[in-house]
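Descriptive analysis of the structure
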Number of protein chains: 2
Amino acid sequence: MDQLEKKVTEWAEENAAKAVSLLKRLIGEKSMFGNEFNAQAVVLEKLRQFDMDIDVWEPSIKQLKEHPYFVSEREDFHESPNITAVKKGAGGGRSLILNGHIDVVPEGNPAAWTYEPFTAVEKDGKIYGRGSTDMKGGNTALLLALEALEACSVTLKGDVLFQSVVDEECGGAGTLSAVMRGYKADGALIPEPTNLKLFVKQQGSMWFRITVRGLSAHGGTRYEGVSAIEKSLHVITALKELEHVRNARIIDPLYRDVPIPVPINIGTVQGGTWPSSVADRVVIEGRCGIAPDETPEAVKEELTSWLKDLEYRDEWFKHHPAEIEWFGAQWLPNDLPDEHPLISALESSFEKMKGAKPIREASPWGTDGGLLHHAGQTPVIVFGPGEVKAAHQANEYIEVRALIDAVKIISLFMMEWCGVADGGDGADKGTEG
Amino acid sequence: MDQLEKKVTEWAEENAAKAVSLLKRLIGEKSMFGNEFNAQAVVLEKLRQFDMDIDVWEPSIKQLKEHPYFVSEREDFHESPNITAVKKGAGGGRSLILNGHIDVVPEGNPAAWTYEPFTAVEKDGKIYGRGSTDMKGGNTALLLALEALEACSVTLKGDVLFQSVVDEECGGAGTLSAVMRGYKADGALIPEPTNLKLFVKQQGSMWFRITVRGLSAHGGTRYEGVSAIEKSLHVITALKELEHVRNARIIDPLYRDVPIPVPINIGTVQGGTWPSSVADRVVIEGRCGIAPDETPEAVKEELTSWLKDLEYRDEWFKHHPAEIEWFGAQWLPNDLPDEHPLISALESSFEKMKGAKPIREASPWGTDGGLLHHAGQTPVIVFGPGEVKAAHQANEYIEVRALIDAVKIISLFMMEWCGVADGGDGADKGTEG
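Just so you know, these numbers come straight off a predicted model, no measurement behind them.

1. Topic: the overall build of chain A
- Scanning chain A for helices and strands turns up 13 helices and 18 strands.
- Computed over its C-alpha atoms, the radius of gyration of chain A comes to 24 Å, within 12% of the 22 Å expected for a compact globule of 433 residues.
- Each principal axis of the C-alpha atoms in chain A carries an extent, and together these give about 85 × 45 × 40 Å.
- Here chain A, with 433 residues, has 61% of them falling under the buried criterion.

2. What about the sheet that holds strand β5 (residues 126-128) of chain B?
Residue and element names in this part refer to chain B.
- Judged by pairing direction, the sheet is antiparallel, and its 3 strands sit side by side in the order β4-β5-β17 without closing on themselves. Pairing within the sheet leaves two strands with one partner each, and these edge strands are β4 (121-123) and β17 (397-399). Each strand of the sheet is rotated relative to its neighbour by a mean of 20 degrees, with strand direction disregarded.
- Two elements, β5 and β17, share 3 bridges in a ladder whose sense is antiparallel. Of the residues in β17, the one forming a bridge with Ile127 is Ile398.
- Contacting β5 and β17, helix α5 (residues 132-151) runs over the sheet at an angle of about 45 degrees to β17.

3. Looking at the domain arrangement of chain A
All names here are of chain A.
- For chain A, the assigned domains are domain 1 (3-202 + 333-422) and domain 2 (204-329).
- On the domain 2 side, the residues contacting the 15 residues of domain 1 number 12 residues.
- At the boundary of domain 1 with domain 2, total buried surface from both sides reaches about 1,100 Å², with 63% on carbon and sulfur atoms.
- The largest contributions to the domain 1 side of the interface with domain 2 come from Lys201, Pro333 and Ala362, which together make up 40% of the buried area.
- Scanning the region where domain 1 abuts domain 2 turns up 1 salt bridge.
- Here Lys201 and Asp252 are joined by a salt bridge, their closest N and O atoms 3.0 Å apart.

4. Examining the UniProt feature "domain: Peptidase M20 dimerisation" (unreviewed entry) in chain A
- Residues given the UniProt feature "domain: Peptidase M20 dimerisation" (unreviewed entry) here are residues 201-313 of chain A.
- Each end of residues 201-313 of chain A is marked by a C-alpha atom, and these two atoms are 36 Å apart; helix forms 34% of the span and strand 27%.

5. Concerning the sheet that holds strand β12 (residues 281-290) of chain A
- Across the sheet, 8 strands lie side by side as β13(A)-β10(A)-β12(A)-β11(A)-β11(B)-β12(B)-β10(B)-β13(B); this open sheet has antiparallel pairing. Two strands lie at the open edges of the sheet, namely β13 (323-331) of chain A together with β13 (323-331) of chain B, each paired on one side alone. In this sheet, neighbouring strand axes are inclined to one another by 25 degrees on average, regardless of whether the strands run parallel or antiparallel.
- Relative to β13(A), strand β10 (residues 204-213) of chain A runs antiparallel, the two being bridged by 7 bridges. Directly across from A:Ser205, in β13(A), lies its bridge partner A:Trp331.
- Each of β10, β11 (264-271) and β12 of chain A together with β11 (264-271) of chain B is contacted by helix α7 (residues 228-248) of chain A, which is oriented at about 10 degrees to β12(A), the strand it contacts most.
- Sitting on the sheet, helix α7 (residues 228-248) of chain B is in contact with β11 of chain A together with β10 (204-213), β11 and β12 (281-290) of chain B, with an inclination near 10 degrees to β12(B).

6. What about the interface of chain B and chain A?
- If you look at the interface, chain B gives 39 residues, while chain A gives 39 residues.
- Summing both sides of the interface, chain B and chain A together bury roughly 3,300 Å²; the carbon and sulfur share of this comes to 64%.
- Broken down residue by residue, the surface that chain B buries against chain A is led by B:Arg222, B:Tyr223 and B:Pro275, which jointly contribute 20%.
- One can count 4 salt bridges joining chain B with chain A.
- Between B:Lys240 and A:Glu230 there is a salt bridge, and its shortest N-O distance comes to 3.0 Å.
- If you list the elements that add at least two residues to the side of chain B that touches chain A, you get α7, β11 and β12 of chain B.
- Considering each element in turn, the side of chain B that touches chain A owes the most residues, 8 residues, to β11(B).
- When grouped by side-chain class, the residues that make up the side of chain B that touches chain A number 18 nonpolar, 15 polar and 6 charged.
- For β11(A) and β11(B), the ladder comprises 3 bridges, and the chain directions are antiparallel.

7. Describing unusual backbone geometry
- Between A:Asp134 and A:Met135 the backbone carries a cis peptide bond, its omega angle lying at -10 degrees.
- By the element assignment, A:Met135 lies in helix α5 (residues 132-151).
- Phi is positive for B:Ala120, close to 65 degrees, though the residue is something other than glycine.
- Of note, B:Ala120 is situated in the loop between β3 (96-101) and β4.
- With a phi angle near 50 degrees, B:Asp124 is a residue other than glycine that sits in the positive phi range.
- Here B:Asp124 is to be found in the loop between β4 and β5.

8. Remarks on the side chain of A:Gln40
- Structurally, A:Gln40 can be placed in helix α3 (residues 37-47).
- A polar contact is formed between the side chain of A:Gln40 and the backbone oxygen of A:Pro81, at a distance of 2.7 Å.

9. Focus: a negative patch on the surface
- A cluster of acidic residues, A:Glu58, A:Glu75, A:Asp76 and A:Glu79, forms a negative patch on the protein surface.
- With respect to the helices and strands, A:Glu75 occurs in the loop between α4 (61-64) and β2 (82-87).

10. Looking at the relation of the copies chain B and chain A
- Note on the copies: chain B fits chain A at an RMSD of 0.0 Å, the axial shift is 0.0 Å, and the rotation between them is 180 degrees. One copy is carried onto the other by what is essentially a two-fold rotation axis. Residues of chain B ranked by C-alpha distance from the rotation axis are headed by B:Gln270, positioned 2.3 Å from it.
- Comparing contact sets, 100% of the residues at the interface of chain B also lie at the interface in chain A, consistent with an isologous, same-surface contact.

11. Let's talk about the pattern of salt bridges
- As enumerated under the stated definition, the model contains 74 salt bridges over all chains in all.
- B:Glu147 is the salt-bridge partner of B:Lys46, the closest N and O atoms lying 2.7 Å from each other. Note that B:Lys46 is positioned in helix α3 (residues 37-47) and B:Glu147 in helix α5, a separation of 101 residues in sequence. Per residue, the accessibility class of B:Lys46 equals that of B:Glu147, and both read buried.
- Counted as one network, the salt bridges with shared partners bring together A:Glu13, A:Lys354, A:Arg401, A:Asp405 and A:Lys408.

12. Remarks on helix α6 (residues 173-180) of chain B
All names here are of chain B.
- When you tally the buried positions in α6, you get 7 out of 8 residues, the bulk of the element.
- Regarding α6, the residues found buried are Ala173, Gly174, Thr175, Leu176, Ser177, Ala178 and Val179.
- Its buried side turned inward, α6 meets β1 (53-57), α4 (61-64), β2 (82-87), β3, β7 (160-165) and α12 (369-374).
- The first or second residue beyond α6 is Gly182, which carries a positive phi of 105 degrees.

13. Re the packing of helix α11 (residues 341-354) of chain B against helix α13 (residues 400-418) of chain B
All names here are of chain B.
- With their axes 8 Å apart at the nearest point, α11 and α13 run at an angle of 130 degrees to one another. Classified by the angle between their axes, α11 and α13 sit oblique to one another. For the pair α11 and α13, the sense of crossing is right-handed. Residues Pro341, Leu342, Ala345, Leu346, Ser348, Ser349, Phe350, Lys352, Met353 and Lys354 of α11 lie in contact with α13, whose contacting residues are Asp405, Lys408, Ile409, Leu412, Phe413, Glu416 and Trp417.
- Per-class residue counts for the contact of α11 with α13 are 10 nonpolar, 2 polar and 5 charged.

14. Regarding the nonpolar core
All names here are of chain B.
- Core analysis: the largest hydrophobic core is formed by 94 residues, its most contacted members being Leu47 and Met414.
- Here this core gets 14 residues from one element, more than from any other, and that element is α13.
- Once you skip the residues sitting within four places of it in the chain, Met414 turns out to touch Leu96, Leu98, Ala145, Leu146, Leu149, Leu156, Val160 and Gly419.

15. Some remarks on the packing of aromatic side chains
- Taken as a whole and assessed by the stated rule, the structure comprises 18 aromatic pairs over all chains.
- Plain terms: the ring middles of A:Phe208 and A:Trp326 are 6.3 Å apart, the flat faces sit at 80 degrees to each other, and that makes the pair edge-to-face. Of this pair, A:Phe208 sits in strand β10 while A:Trp326 sits in strand β13; the two residues are 118 residues apart in sequence, bridging distant segments of the chain.
- Ring plane angle 85 degrees and centroid distance 5.1 Å describe the contact between A:Trp274 and B:Trp207, whose orientation is recorded as edge-to-face. One end of the pair, A:Trp274, is in the loop between β11 and β12; the other, B:Trp207, is in strand β10, on a second chain.
- By relative accessible area, A:Trp274 is classed as partly exposed at 45%.
- Judged by its relative accessible area of 9%, B:Trp207 falls in the buried class.

Rules used in this analysis
Residues numbered from 1 in each chain as written. Chains lettered and ligands numbered in written order. Predicted model: local features only at pLDDT ≥ 70, side-chain atom pairs only at ≥ 80, totals over all residues. Heavy atoms only, no water. Helix = DSSP H or I, 4+ residues; strand = E, 2+ residues; numbered from the N terminus. Rg over C-alpha atoms; globule rule 2.2 N^0.38 Å. Buried < 20%, exposed > 50% of the residue type's maximum accessible area, 1.4 Å probe, protein only. Pairing = 2+ DSSP bridges. Axes fitted to C-alpha atoms, helices over the stretch in contact; angles between N-to-C directions. Contact = heavy atoms within 4.5 Å. Domains from an automatic or database assignment. Buried area = accessible area lost by both parts, 1.4 Å probe. Salt bridge = Lys/Arg side-chain N within 4 Å of Asp/Glu carboxyl O. UniProt positions renumbered as here; feature names shortened; annotations may be inferred. Nonpolar A, V, L, I, M, F, W, Y, C, P; charged D, E, K, R; others polar. Polar contact = N/O pair within 3.5 Å; in protein donor to acceptor, adjacent residues only side chain to side chain. Patch = residues over 30% accessible without salt bridge, like charges linked within 9 Å, V, L, I, M, F, W, Y side chains within 5 Å. Areas by Shrake-Rupley, 256 points an atom, 1.4 Å probe, with all protein chains shown as cover. Lys, Arg positive; Asp, Glu negative; His and termini not counted. Charge placed at Lys NZ, Arg CZ, Asp CG, Glu CD. Least-squares fit on C-alpha atoms with pLDDT ≥ 70 in both. Parallel < 35°, antiparallel > 145°, perpendicular 65-115°, else oblique. Left-handed = near helix turned anticlockwise from the far one by under 90°. Core = buried A, V, L, I, M, F, W, Y, C linked by side-chain atoms within 4.5 Å. Phe/Tyr/Trp six-rings, centres within 6.5 Å; stacked < 30°, edge-to-face > 60°.

Structural data, given as structure tokens:
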């Protein structure tokens, strides 16, 4: 670490309380689906302390609906503004998007929480609350990294675009709107909870709904009908076999220890209306994983064709095919080549702080990185201070230590990636990728 | 046919319009669950024309709940009176219960009806309307048979007990209440729709609810959970195997042409709450047939023990056993020995009218006969003018011809079974069984 890097990380350590305080304020603003306004106001208040160009807008449903990747079921984005703040670089460096979502999932059963979900209790080095890990902790790390560079008078060569987006938990309309507004960069970092590991690939996913048909009859003469429940067993078996075939193709060593890299999860099954009638309809809903190198279209085609082949298992399906539709949310996968400079830059920054290389992993869930990559042509790495296992759970928490480490590593990474034009010591740290 | 028999059947033919008119009035009174009062009033009006002792009472829930065969979910029988009218015989003959239920099932989707369900339209020799076949047509045949004997001054030796009961469609609390009130006889006839065939055995049935447990997890890491949907496939397979084993035991020639004499129908399946979560609970509801020679208790035991053995198929069930409960309605089976005099008496009466023996069959559904038999120790034969296939359907109908034939055959049967003490010609037609 050079002098300037040392100065920046020391500032981050000395100002840990600022990070904690900001995170607590963010957790205090309950920013669920359609209600992100107050949390964004806290972000804005912070951003206005920096020398940045701030763009605040409500995404346009009309415009979003024209995009093939738009999947949200929202009708408008009233009270759900997006923010992008741009720090122009001195020139000659790589640009960087720092993207975090401000929306959180509902708290679930309040009785399952030891601490009130939106009060942000600090205890034994942890901060508890909905969104602490996913991902207001990550967003706080980004804002504090911006502040650290500003406080230490570090001027970067490349532009930095900080984004606080809405709607990630419902499919990513916030990030998609930012992409459609023209915000792209040479690289992006999303501080979703990774326990400070580098998530270089993310599984995408889509929801499907399969309808299986039968023929109703009285239960006492059930042989006069055709049970959609019995027929649905063929569908379930076929989906399990397809899952096996799809996963056998995955040879990426990152998935070596993952039992099922891209699962087909059958989440719900609903069939029949009366105990003593033969069910004439079963509806199966589930989630199909998308491998990092796959497109949703290819996966849809494969699943549809697999279901069509059910007629070879059972003639019934020839005249009563299982119908498939895709509904609800969709998360695009993301994929960073092994030798991508985003990885080496972040590994180098991590090593400077921690004295060892970070772990690389692939995540079993998607992020807005899929949209930044596929819709915005911006390569993305996912790295953040939260705990994967705490996300979406009761008593969600984040370790304060990890939060401050993330501030430091992300500050160093920004200097590494964008290049330093003129810091406290005037050294040029930029490298071109 | 002797003179008196001829006179009775001729009266029935000449007074066909009375039967049609009474049936129309009964159909016009919408006597669904909890609302049988007005239809019973029409029955009472008719009964009061005869020389009978009439007993009208609202069944007592408190008393019924003490009976092991009580299964109704009703809280009271307000506006749902039962009727039993007794015609004392001259003595020395066999007593007979004539039992019909006055309640009807709901009309279902009104758009599926060509004729208004409670208007009783007569067209092309048929009367359309809810309850025409199941079983106000049968009840009308009973009442007209009573009237035929009265009109022809036929005095029977044995007592005749006419019963118009509530609640058959919900499990038989009306008939059970009549049994508990002490009404029993040497034999009973229930004119449920049999197309004028003799139903000498009836399949009973019970409803079951099986809960299968799993372990929740995120769909992207579904291998961290245990899918209750996958586990439920074992349960469904086991139930199908048990159905096979149970039906392989049935050697009664009456069931020779029935593909599955006592089916286990899996009617509904409901599992999981979210497409991208692993389902931790599946609930399966269904109907289990009870063979004529089985008790509900033995069937419950067999099914419970079969589910217990799931642990040999999959260890999961050892610590997370499938739970079974019995809910909703229950219909007891009924079984008449091949040589029972009820059969020979009815066959003889049928043959006198039709010139050929009637068809004997076993029904795939239960009737109140199971309760009369098991709770009331009264042997039961089921024989009526309705069409099995029209019951519970839209455009339910009955053939007027079959209705009048039933009046005649049932009149002759009453004379045959109870014996004639003193008719228009004074002949003694009684036989002891």
